[in-house]
2 protein chains.
Amino acid sequence: MSVLDEVLRSNALFVETYDTGRAMAPVKRKLAIVACMDYRIPLEQAFGLKPGDAYIIRNAGGIVTEDVIRSLLVAHYRLGAEEFLIINHTECGMQTFRDEELRDDIRKRTGTDSIAPEQFHAFLNLEDHVRQQIQRIRSHPWIPKHILLTGCIYDVHTGKLTPVPAL
Amino acid sequence: MSVLDEVLRSNALFVETYDTGRAMAPVKRKLAIVACMDYRIPLEQAFGLKPGDAYIIRNAGGIVTEDVIRSLLVAHYRLGAEEFLIINHTECGMQTFRDEELRDDIRKRTGTDSIAPEQFHAFLNLEDHVRQQIQRIRSHPWIPKHILLTGCIYDVHTGKLTPVPAL
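For clarity, every value in this text was computed on a predicted model and none was experimentally measured.

(A) Fine view of the interface of chain B and chain A. The partner chain A presents 87 residues to the 87 residues of chain B that form the contact. Across the chain B to chain A interface the summed buried area is about 7,600 Å²; carbon plus sulfur atoms make up 63%. Per-residue buried area on chain B facing chain A is highest for Y39, R70 and W142 of chain B; these three make up 12% of the total on that side. Across the chain B-chain A interface, the total number found is two salt bridges. The shortest N-O distance in the salt bridge between R29 of chain A and E6 of chain B comes to 2.9 Å. Run the count over chain B and chain A and you get 36 residue pairs in polar contact (both at pLDDT 80 or more). Elements supplying a minimum of two residues to the side of chain B that touches chain A: α1 (3-16), α2 (43-47), β2 (54-59), α3 (66-77), β3 (83-89), α4 (99-110), β4 (148-154) and β5 (161-163) of chain B. Take the side of chain B that touches chain A: its biggest share by element is 10 residues, from α3 of chain B. Looking at the side of chain B that touches chain A residue by residue, the classes come out as 47 nonpolar, 20 polar and 20 charged.

This is how it looks when you write it as C-alpha cells:
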C-alpha cells in the first residue's frame, strides 16, 4: 500500500465522524503562525489551537520569505488576523548545512543548475534567527504597526514554547 | 489575557505530559505535504499523520512558490522525503479576490506601495489550480522524476480528500 493509499484510508475513517461545524468555525483568535515544516512541532496540540484559531504558515526553517509575507498579508487584509507568532525550534535541520553546500550537492546529484531558489536560508544561531524573522516582518511597508508580533523558540525535547525577548 | 498568554498557558499543560519520544521519531512515511494555511484543514487528524510521517509546508492557497520549491528540496535532499502531496481545498479564500484588487486595497489602506510580494496568486478554478501546482513541481530541474507526486482537493464540508486525476 502506497503512502497515498494509507492517507486516503485514514481520511475515509475521518470523514465518517467528521464534524461539519468545523467548516463554519468563525475566526476566533485572529492569529497567524509562521513555523518550521518539521513534524516534531505538533502545532494544534502543543499550543491548544482549535478550528478558527490560527492560519498556519510553514516552510523549511520558519523563514519569513516573500511568500510568507504574501500569506501574512492575505491573513491580515482578507482574513482578519491581528496577531502573528513566529515559531522556530531547537535542532532545526536548517542549522545542519550551509546554503552553498546544499546547492553544490544538488548540482552534482542532478547534473544541472537552477537559479531558483535564490537562497536556502540555512542559519547558525537560533535566537538571532528568530529576531531576524521578526525584523523582516516589522520592516515590510504593508505590515501595520499595530499587529502584535512575537518570536518564539520551541524546544523539541521538552515541548516548551519560549518567547524570545527583543534586544 | 492576550492570545500569546493563552497559547503559553496551553503549552504549559502540554509540556507536563509531553512524550519525549516525539523528538526522536524517525522519518517514517517520507512524505512532504503542501497545503493551504486555512484552519479548516486539520492535517494530522484528517490524514492520519503521526510524528515522523510528513514535513508540512503551508501558505495562502497552497501555492507552489519558489519558497515551497526551496522547502521541498530541503525535504528531499536533506531529510529524505520521497513523496509529495499537494492539498488544495474547496471554498479557498484565494478564490474570493483578484490580485490587483487586493494590491489596490492595501495600497489605499497603507498609503504606500511595495514591490514584494510580486504576486498574491489568487485563482479561480480549483482543479486547474491543483494541476498548475503539480506542473510547477514537475517542471523544476532539481525535483527528481522518481518522486511520487499527487494533487488532491480537500472538501471543507465533508472532510474528504480526493486526488485530482492528471489530464
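(B) View of the packing of aromatic side chains. Residues and elements named next belong to chain A. On inspection of all chains with the given rule, the structure shows six aromatic pairs over all chains. Judged by centre distance (5.8 Å) and plane angle (90°), the rings of F47 and Y154 are edge-to-face. Remark: Y154 occurs in strand β4 (residues 148-154) and F47 occurs in helix α2 (residues 43-47); sequence separation between them is 107 residues. Residue F47 is classed as buried on the basis of its relative accessible area, which comes to 0%.

Conventions and cut-offs
- Residues numbered from 1 in each chain as written.
- Chains lettered and ligands numbered in written order.
- Predicted model: local features only at pLDDT ≥ 70, side-chain atom pairs only at ≥ 80, totals over all residues.
- Heavy atoms only, no water.
- Contact = heavy atoms within 4.5 Å.
- Buried area = accessible area lost by both parts, 1.4 Å probe.
- Salt bridge = Lys/Arg side-chain N within 4 Å of Asp/Glu carboxyl O.
- Polar contact = N/O pair within 3.5 Å; in protein donor to acceptor, adjacent residues only side chain to side chain.
- Helix = DSSP H or I, 4+ residues; strand = E, 2+ residues; numbered from the N terminus.
- Nonpolar A, V, L, I, M, F, W, Y, C, P; charged D, E, K, R; others polar.
- Phe/Tyr/Trp six-rings, centres within 6.5 Å; stacked < 30°, edge-to-face > 60°.
- Buried < 20%, exposed > 50% of the residue type's maximum accessible area, 1.4 Å probe, protein only.

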